[in-house]
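Below are the chains, spelled out letter by letter.
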Amino acid sequence: MIRINCPWCGERNMVEFTYGGDAINKYPGLSEETTAEQYFEFSYLRDNPCGPHLEYWHHVNGCRQWVKVKRDTLTHEVLATGPADALLGGEKE
Amino acid sequence: MQNAVNGAHQIMNRYSALEVLKGGLTGQKNWERVWRAPEPKREYDAIIIGGGGHGLATAYYLAKVHGMTNIAVCEKGWVGGGNIGRNTTIIRSNYMLEDNANFYEKGMQLWEEMAQELNYNVMFSQRGIINVAHSDAQMDSFARRGNAMRLNDIDAELLTREQVKELLPMLDYSSKARFPVYGGLQQPRAGTARHDAVAWGYARAADMRGVDILQNCEVTGFDIKDGQVQGLQTSRGVIKSKKVGIAVAGNTSRICAMAGFNRLPMESHKLQAMVSEPIKPFINTVCTFGAGHFYVSQSDKGGLVFGGDLDGYNSYAQRGNLPAVNHVLQSGMALMPSIGRLRLLRHWAGVMDMSMDGSPIMGTTQVKGLYLNAGWCYGGFKAIPAVGFCFAHTIAQNRPHELNENFTLNRFEKGYLLDEKGMGPVPGLH
Amino acid sequence: MTTQSNRLTQGGFIDRTKTLSFRFDGKTYTGYQGDTLASALLANGVKLVGRSFKYHRPRGIFSAGSEEPNAMVHLREGARQEPNTRATVVELYDGLVAESQNRGKSLRGDPQRINDYIKNFLPAGFYYKTFMGPFRNTKLWMLFEGIIRKSAGMGTASNLPDPDSYDHMSRHCEVLVIGGGPAGLMATKAAAASGARVILIDERAGLGGQLRHERYEIAGQPALEWVEQTVLELKAMKNVFILERTSAFGYYDHNFIGCVERVSDHLPTPIGHKPRQRMWNLQANQVVHATGSHEQPIVFGNNDRPNIMLASAVRAYINEYAVLPGKQAVVFTSCDDAYRTAIELFDAGAKVEAMVDSRQEESVYAALLRDRNIKILQGHAIVNAYGKEDGVHAVDVQSLVDGKSEKIQCDLVAMSNGWAPALHLFSQSGGKTSWDKERHIFVPGVSKQAECSVGAAKGSFDLKSCLEEGAHGGANAATVAGFPILQITAPSTNELQETSYEPLWESPDPASGHPKKFVDHQDDVATSDVQLAHREGFVSVEHLKRYTTLGMGTDQGKTSNVSGIAIMANARGCSIPEAGHTTFRPPYTPVSLGALGGAEVGEHFMPIRRTAMDSWHDEQGCEWIDAGVWRRPRYYPKGGETINDAFHRETKMARSSVGMCDVTTLGKIDLQGPDTAELLERIYINHWKKLPVGKVRYGMLLREDGIAYDDGTTSRLDENHFVMTTSTANAVNVMANLEYYLQVTWPDLRVQVTSVTEQWSVMAVAGPNSRKVLEKIIDLDISNEAFPFMATSECVAAGIPKCRLFRISFSGELAFELNVPCDYGRHVWENVYEAGQEFDIVSYGTEAMGNMRIEKGHVAGPEFDGRTTAGDLGLGMMMSKKKEFIGKRLANRECLTASDRKKFVGLIPVDGRTPLKAGSQIVANDNSLPPVEMIGHITSTGYCVEKDHPIALGFIKGGIEAWEGKTVQMSYPLRNLTVPMKVVSPVFVDPEGERLRG
């Protein structure tokens, strides 16, 4: 049972959350300058690392906040958590 | 038959009832190694990375159909240790979208003759699969798929509630069922096989045709010059080859990163599988629950083999967590209320290469001589023979076979989506 | 009824005053309270209890615990029948019924025992090499498979629903101690002393573990007295929670331990409302493994005969259950432990014919045996055993030095090849095992999670170490968890310092013959199978396991894996750690599927959601339909109406006069804040900023990838206040998406979103008389001028303030949707119904509602299948070219905008009569053989009541432009149906939309 430290509620079981997927990709922004390729990369391409991974979890059965989580995909260890806009270390701006 | 083939440099036992009889009389001294344990050569005409079902079948068809016998399969551990050794062995071709239907139906035909083809009993048992429906809308949706299957010349039957009851008497037909049984979609030719035997059968048959199966040979890097692959660095030294095929399922992103492209339309997720204690024949077909996450069949040894949904988050761990197990059994008990008194014997997980539309990727890559076969999600087992057949063609001819010509890596950018479930680019939902 | 001929007159922890009667294979026996089924059978002299998996060899009781490979039975009858139940862990109760399994009509006369005579032809993996036949199909195999399946499997499962219930509980603690033996008790005591919350669990009904089987002394008193005293102390502590009859079956991520408590398994049936079993989700800061170890057997010829047992099991039966399993014993060992078995057998009155010790060195216990005149054969091994259904009656003992052999008569063999730590949970926690060269065992290596191992689980088998390590480990765990450092000293013990142990992995063959030497008893894996695997190249332990099925039985190889690995290592000429071991998979012991599933099954599988008007619909006798987790009225049959009659009538009445429908289940999201219009502008494909207050607009959402996602109406209640509706199916997901956009993508937008689906009861009132009905109960002017199409306003309805009225129409008629605060739903609904009586108002269900939307060509769930674009749905014109919105760019990818995409069309049967079926495919003509190209498919079907003919909606390649007026074929090969259809506009009723604006 993965335990996630929600920045608002404290440490909770994974069953209170739904998985929101990759948080490495940055949303390209809704603007005329953004190219279709940027949207494609955002929506379709993944680093998919074996090791630390940035991802979102939605605390649906709690505070309903989207939480950013740094988690090891091999050991499932949760390395850091924060609000959706947090920088959890080793992250490119 | 095998002896007549070029490159077969040894004579092996041909398996037969007579040979088994001989074994009984000679203290089993008549059996030889099922495949050799060769030292890696310095260079091969082609190397397949991954000694699972896909890799071994590809090597077999490269040797058999394309006459390439100077080839190797690099396996970091032991043959058949990945998803082929940890899946629930369901074989079916009950797909709706034409590209998938045609591909898997080719696979189905190859499955039907695999034992004789390989001279290895892979125990393909065509006991059928029934997708149980729990509403009129679901019946319609299954009918749409079943009609498509029929029109694609694939067997399919739409079963009424009474027909389902006859075939699956242990389901909940009572008024207490939260989601009553309305009927089901059946593919009678579908079934299950002995998964390990498939790996061993292909390994043996490929080896007989001269393929070197290199176990404990982990790939650690690629040698690429001017955009053309030159060879591999491995835990057993440098091995040269101008053609390399990747068939590593959940580890695809890791291997491709070594070749310089890690951003793929794919995520690695884990799927759990479970087996009960062995019991006498209980369920004689594969059955899936349309109102929850549960599917089940029974192995020849007697264990109920079952599973459900992905655990739901990116993972490279071959072990699962309990909430997913609870969820599967909750569904299982809702569908089959008698199984409560049976016991879970083992549960484990495999790492799935979940693609962005739930359909596979097979073809050339941006590196010349490097071919990719991935994105099989949790359907890779049934694809084994068709993958071997098509991927071998792709590698040997440097272009896809017509059956996999739409499984390209660039289809996502073009919007050519093969999304059977219609879930969009959320890999964990396919 | 037989007497308990093997019961000792004194000793043991059974209650001789409570005689229990039970039945095994139809015969009635007695036992005592405190017995297991196994001990009671042994007490009655029953040796033969089962048949092995493959060769159907006669098998008896092998162990006294959960590692039992042989003594598996059907427990209970009928719907409660449990196959494969280990007799060694079943607590005896009065009236217990058990049957042997994997046999023919009788256990003794099982016809499949023939397999044992042809076993040389059935080695490991023989089935991979035959049963194929020359024809390239699966027919021959499936013929044989049928026979194999019948003979495989062990017990038989019931088809009847399990009558018992199951339960899940969760609990947190600082220190979880797994195992209530000496190490676990000391660990609990030490950890609890610090004040930490401690949970102690043990799989058995009583604590003490191995101490229950032995005759040790602790602190100068019999060990069991010390156990009782310690348990009393622990039970008195508020911070200690003890779970007995509870197995820790799996160690998962983040120190989460899955356990199952057998609440009622020791009773004939659960009492009151108690569950049969309860799953415990335990979350621990620190885990102390005091899981003990498993005694390992020695592999020799015919070592599987009934009454050949583990030496420790013999002690258990004597000491705990006062049962003497044999009168004439031979003890076979490679370690000191079994000497105590010889002593206790002798003291209990058995004759010990010989102590066969494979070691050359003399044991520290030798003198004690000589005191009892027991012959010790140093450097000897048992090489063969005789006896079948009646159990062992003699063994061949052979010198390992000169090969000289003698035959010794006996009716019991007790054996020990040392002990293997139970590393299962440690290994599941991610820790790697390491090989202890000195002691020839795998021990826990480096930890990955917050756990430690103590006592026998760590390879420290002597009692003193168990107590000391337990005390230390428990105290340490509490300290790491943040509690004060308190060291407790372990009490003293009375054991002897044991001699070194030299395992004998396999006895040599006897001078003549090659009897099968079984490594894995349950699955009949013999040493010859391991050698065959080696010969064929299946040398990796994983290959060994999969090829021979070693360790794949219900005992998961607890008494066979180590020997198997050792024999393979020997064949390969490598060390045991080089050969390695397979992964320890959960569960540690098999866990019932019912316990894993829990209470939420049957009608509780998913909650049923009901609207506020649910009871009204029920009173009208509606037919229900599941819509996700909601239940909704499907139709309201009158008299003997069929579903078609009913929904035709409901449609007709709504279109000609007035109807009302409960549409509460639609998703409703309240959006407030200064940037709300901006948010809507970004997520919808059409424009929102200029929508006036008091107006409603239809909108459509795309996914990021440009595929149509959901649609609905959104209304501007105030400058900065909107309410959005979604489909019933997508309500939850759209809400989560909005939160994602606001928290992750555009945190700068000042918008609050709240799901209000449950706050409002919603009724659609539709039909030419709908205005007249509502005028009677609403305080607003709802004339066409004052309240035109797409208007919205707050109102008082049937006396209820703060209702909301929307002039929108799904049916295509003049229609209104009235939202009322949820609690007043039924009140207002009844008032509307009452007001409508003069117009013969009907309540209509989802069938008529769906039919009316099909008549109007509105897209809904079946059309939104996750593959269709707005363009495919005929709504491409809605997509704004002037702004950016979610999904816009990817919707424009080349294959999503191709001209041959399947597009939305209407369909009618050419003959005007034949019903069209949802789920049909569309083909160009009907006479080609498969494979046939599918040019489209039908998504929704209905009946145009006004024009009196069937209709359908669907998709066709190229759409209406390419096909209008042309004939295509509905193809439904599953039912052999082909119907010629004409492609038409998807709007069948009032294409100009005059009615809804009227």
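The rules we used
- Residues numbered from 1 in each chain as written.
- Chains lettered and ligands numbered in written order.
- Predicted model: local features only at pLDDT ≥ 70, side-chain atom pairs only at ≥ 80, totals over all residues.
- Heavy atoms only, no water.
- Helix = DSSP H or I, 4+ residues; strand = E, 2+ residues; numbered from the N terminus.
- Rg over C-alpha atoms; globule rule 2.2 N^0.38 Å.
- Buried < 20%, exposed > 50% of the residue type's maximum accessible area, 1.4 Å probe, protein only.
- Contact = heavy atoms within 4.5 Å.
- Buried area = accessible area lost by both parts, 1.4 Å probe.
- Salt bridge = Lys/Arg side-chain N within 4 Å of Asp/Glu carboxyl O.
- Polar contact = N/O pair within 3.5 Å; in protein donor to acceptor, adjacent residues only side chain to side chain.
- Nonpolar A, V, L, I, M, F, W, Y, C, P; charged D, E, K, R; others polar.
- Pairing = 2+ DSSP bridges.
- Axes fitted to C-alpha atoms, helices over the stretch in contact; angles between N-to-C directions.
- Core = buried A, V, L, I, M, F, W, Y, C linked by side-chain atoms within 4.5 Å.
- Phe/Tyr/Trp six-rings, centres within 6.5 Å; stacked < 30°, edge-to-face > 60°.
- Lys NZ or Arg CZ within 6 Å of the ring centre and 35° of its normal.
- pLDDT = per-residue confidence, 0-100.
- Patch = residues over 30% accessible without salt bridge, like charges linked within 9 Å, V, L, I, M, F, W, Y side chains within 5 Å.
- Areas by Shrake-Rupley, 256 points an atom, 1.4 Å probe, with all protein chains shown as cover.
- Lys, Arg positive; Asp, Glu negative; His and termini not counted.
- Charge placed at Lys NZ, Arg CZ, Asp CG, Glu CD.

Explain the overall build of chain B here, please?
Helix and strand counts for chain B come out as 11 helices and 19 strands. A compact globule built from 430 residues would reach a C-alpha radius of gyration of about 22 Å, and chain B, at 22 Å, matches this within 12%. For chain B, the C-alpha atoms occupy an extent of roughly 70 × 60 × 40 Å along the three principal directions. Taking all 430 residues of chain B together, 70% fall into the buried category.

How should I be thinking about the interface of chain B and chain C in this particular structure?
In many analyses, interface size is given as the accessible surface area lost on bringing the parts together. Contact with chain B, which involves 117 residues of that partner, is made by 117 residues of chain C. Here chain B meets chain C over a buried area of about 10400 Å², counting both sides, of which 55% is carbon and sulfur. Taken together, chain B and chain C are joined by 15 salt bridges. If you look at where chain B meets chain C, you find 73 residue pairs in polar contact (both at pLDDT 80 or more). If one sorts the elements of the side of chain B that touches chain C by residue count, helix H5 (residues 136–151) of chain B sits on top with nine residues. Across the side of chain B that touches chain C, the residue classes tally to 53 nonpolar, 32 polar and 32 charged.

What's the story with the interface of chain B and chain A in this structure? I'm lost.
Opposite the 25 residues of chain B that make contact, chain A presents 25 residues. In total, about 2200 Å² of surface goes out of reach between chain B and chain A, with carbon and sulfur atoms giving 53% of it. Here A:Arg46 and B:Glu267 are joined by a salt bridge, their closest N and O atoms 2.7 Å apart. On the surface where chain B and chain A come into contact, there are 13 residue pairs in polar contact (both at pLDDT 80 or more). Within the residue set of the side of chain B that touches chain A, elements represented by two or more residues are helix H8 (252–258), strand E13 (266–278), strand E16 (303–314) and helix H11 (411–414) of chain B.

Any chance you could explain the sheet that holds strand E21 (residues 380–386) of chain C here in plain terms?
The strands that make up a sheet pair up through hydrogen bonds in the backbone, lying either parallel or antiparallel. Residue and element names in this part refer to chain C. Pairing is antiparallel across the open sheet formed by three strands, whose spatial order is E21-E22-E23. Looking at strand neighbours, the two that pair on one side only are E21 and strand E23 (405–409), the edges of this open sheet. Pairs of neighbouring strands in the sheet enclose a mean axial angle of 30 degrees, with direction left out of account. Pairing geometry for E21 and strand E22 (residues 394–399), over six bridges, is antiparallel.

In this structure, what is going on with the nonpolar core? I would like to understand it.
As a rule of thumb, soluble globular proteins bury nonpolar side chains together. Core analysis: the biggest nonpolar cluster contains 127 residues, and B:Phe103, B:Trp111, B:Tyr120, B:Val198, B:Tyr202, C:Leu907 and C:Val968 have the highest contact counts within it. Per-element tally for this core: the top contributor is helix H10 (residues 380–397) of chain B, with nine residues. Ranked by size, the runner-up nonpolar core spans 74 residues in total, among them C:Leu42, C:Ile298, C:Ala311 and C:Ala354.

Any chance you could explain the sheet that holds strand E36 (residues 695–702) of chain C here in plain terms?
Residues and elements named next belong to chain C. Across the sheet, which stays open at both edges, the five strands sit in the order E36-E37-E38-E35-E39 with antiparallel pairing between neighbours. Only two strands of the sheet have a single neighbouring strand rather than two, namely E36 and strand E39 (752–755). Mean inter-strand twist for the sheet, computed between neighbouring axes without regard to direction, equals 25 degrees. Of the pairings in the sheet, the one linking E36 to strand E37 (residues 708–718) comprises eight bridges and is antiparallel in character. Its bridge partner being in E37, methionine 700 is matched across the sheet by aspartate 711. Across the sheet, helix H18 (residues 676–683) touches strand E35 (667–672), E36, E37 and strand E38 (721–726), and the angle it forms with E38 is around 30 degrees. Sheet contacts for helix H19 (residues 731–745): E35, E36, E37, E38 and E39; angle to E39, the most-contacted strand, approximately 165 degrees.

Explain the packing of aromatic side chains to me, please; I cannot follow it from the model alone.
Remark: the centre distance and the inter-plane angle together describe each pair of aromatic rings, the angle taken between the planes. Applying the stated criterion across every chain, the model contains 54 aromatic pairs over all chains. An angle of 10 degrees between the planes, with centres 4.3 Å apart, marks the rings of B:Tyr95 and B:Tyr104 as stacked. We note that B:Tyr95, like B:Tyr104, is buried. Across the ring face of C:Phe53, the terminal group of B:Lys301 is positioned such that the distance to the ring centre comes to 4.9 Å. When the ring centre of C:Trp746 is taken as origin, the NZ or CZ atom of C:Arg682, which lies over that ring, is 4.9 Å away.

Just to check I follow, could you spell out the side chain of B:Asn94 for this structure?
Residue and element names in this part refer to chain B. By the element assignment, asparagine 94 lies in the loop between strand E3 (90–91) and helix H3 (98–112). Since its relative accessible area comes to 4%, asparagine 94 is described here as buried. A polar contact is formed between the side chain of asparagine 94 and the side chain of arginine 92, at a distance of 2.6 Å. With near-sequence residues (within four places) excluded, asparagine 94 lies in contact with Ile129, Asn131, Arg145, Met149 and Gln187.

Quick question: what am I supposed to make of the confidence of the model for chain C here?
Low-confidence regions, as indicated by low pLDDT, have predicted coordinates that should not be scrutinised in detail. Across chain C, the average pLDDT comes to 96, with 100% of residues at or above 70. As a predicted assembly, this complex carries a pTM of 0.96 together with an ipTM value of 0.98.

Hey, could you run me through the confidence of the model for chain B in this one?
Scored by pLDDT, chain B comes out at a mean of 95, with 97% of its residues at no less than 70. Here residues 1–9 of chain B is modelled with pLDDT under 50, and outside its nearest four sequence neighbours on either side it reaches 18 contacts, counting other chains as well.

Help me understand a nonpolar patch on the surface, please; the structure alone is not making it clear to me.
Residues and elements named next belong to chain B. A contiguous nonpolar surface patch, about 220 Å² in accessible area, is contributed by Met423, Val426 and Leu429. In this fold, valine 426 is placed in the segment after H11. On the basis of relative accessibility, which here comes to 39%, the residue valine 426 falls in the partly exposed class.

Teacher, can you tell me more about the pattern of salt bridges here?
Side chains that carry opposite charge are capable of pairing whenever their charged atoms lie near each other. Residue and element names in this part refer to chain C. Summed over the entire model, instances satisfying the criterion amount to 100 salt bridges over all chains. A salt bridge links aspartate 116 to arginine 57; its shortest N-O distance comes to 3.0 Å. With aspartate 116 in helix H2 (residues 114–117) and arginine 57 in the loop between strand E3 (50–51) and strand E4 (58–59), the pair connects residues that are 59 residues apart, well separated along the chain. A single burial state applies to aspartate 116 and to arginine 57, both of which are buried. For arginine 716, the salt bridge is made with glutamate 719, and the minimal N-O distance between the two is 3.5 Å.

How should I be thinking about a positive patch on the surface in this particular structure?
All names here are of chain B. The grouping of Arg42, Lys225, Lys240 and Lys242 at the surface amounts to a positive patch. Tracing the backbone through its elements, the reader meets lysine 240 in strand E11 (residues 237–240). Lysine 240 gets classed as partly exposed once you look at its relative accessible area, which sits at 41%.

So what exactly am I meant to see when it comes to the environment of A:Lys68 here?
All names here are of chain A. Among the secondary structure elements, lysine 68 is positioned in strand E5 (residues 66–72). Along the backbone, lysine 68 and proline 7 are 61 residues apart, and their C-alpha atoms lie at a distance of 9.3 Å. In this structure the side chain of lysine 68 is engaged in a polar contact, spanning 2.9 Å, whose partner is the backbone oxygen of alanine 86.

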